[in-house]
Amino acid sequence: MAAMLAGVSAGTVALILLAGFAGHLLHPRVLPAALTAHRTVPGLLIWPVAVAVGALEGLFGAVTGYALLAGRPRALTVGATGSALLFAAYALYGLYVLRTRPGIGSVPCGCSADDTPMSGWVAGRAAALALASVTASAGAGSAAASHGVHVAIVALSSVTFAVLLWSLPPAMADPERSVAR
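The structure presented is a predicted model; accordingly, all values stated were derived computationally and were not measured.

Caption draft 1: Summary view of the environment of Ala-132. Turning to its location among the elements, Ala-132 is positioned in helix 5 (residues 120–138). Each C-alpha atom of the pair Ala-132 and Ser-83 lies 9.3 Å from the other, and the pair is 49 residues apart in sequence. Setting aside residues no more than four positions away along its own chain, Ala-132 makes contact with Ser-9 and Val-13.

Pasting the structure below:
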């Protein structure tokens, strides 16, 4: 059971990070625009921070996903630990922005290519993904050693949880819009 939980956590984290990375590649101006609106990063550092964030998402998503699929427990520990730190930073950043910028709720979070507003749901999702990353890191040995039917269950569960977590903040921001999709 621990191996399955660690595997699903690792798979979910990898998919979310890779989806975020793809979003940043396809829509490179979204994150810099959000950082500008948040007024937290000095103007000259906005693009370097945005590029670094996208690169870290791609790196940790690829390492975590590869390590899970290839059965590499050390690489899974490294990828999941890096992911945990990144998601913890996102959660803290989201809370900071919400507490220090009144009325920020109408400004996009910059998480993806859509216009999801910065909200407690965005910070909560990041915190949940940080916890999932810690779970993946803690169970890296057992998750990486999985095979057979277990791998299929982990893959299907990871996709399901990734889609649900990816969709949560936009759905909570505007329930009418999410039903219409």
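Continuing now.
Caption draft 2: Inspection of the layout of surface pockets at higher detail. In this structure, the largest pocket encloses a volume near 490 Å³. Around the largest pocket, the lining comprises 27 residues; the ones closest to its centre are Val-53, Glu-57, Tyr-90, Tyr-93 and Cys-111. Every element with two or more residues in the lining of the largest pocket is listed here: helix 1 (2–26), helix 2 (30–38), helix 3 (46–70), helix 4 (73–100) and helix 5. The element contributing the most residues to the lining of the largest pocket is helix 4, with six residues. For the lining of the largest pocket, the per-class residue count stands at 20 nonpolar, five polar and two charged.

About the cut-offs
- Residues numbered from 1 in each chain as written.
- Predicted model: local features only at pLDDT ≥ 70, side-chain atom pairs only at ≥ 80, totals over all residues.
- Heavy atoms only, no water.
- Helix = DSSP H or I, 4+ residues; strand = E, 2+ residues; numbered from the N terminus.
- Contact = heavy atoms within 4.5 Å.
- 1 Å grid on protein atoms, 1.4 Å probe; cavity = no way out; pocket = protein on both sides within 12 Å on 5 of 7 lines; lining within 4 Å.
- Points joined across faces, edges and corners; volume = space filled by probe spheres on them.
- Nonpolar A, V, L, I, M, F, W, Y, C, P; charged D, E, K, R; others polar.

That's the geometry; what it means functionally is another story.
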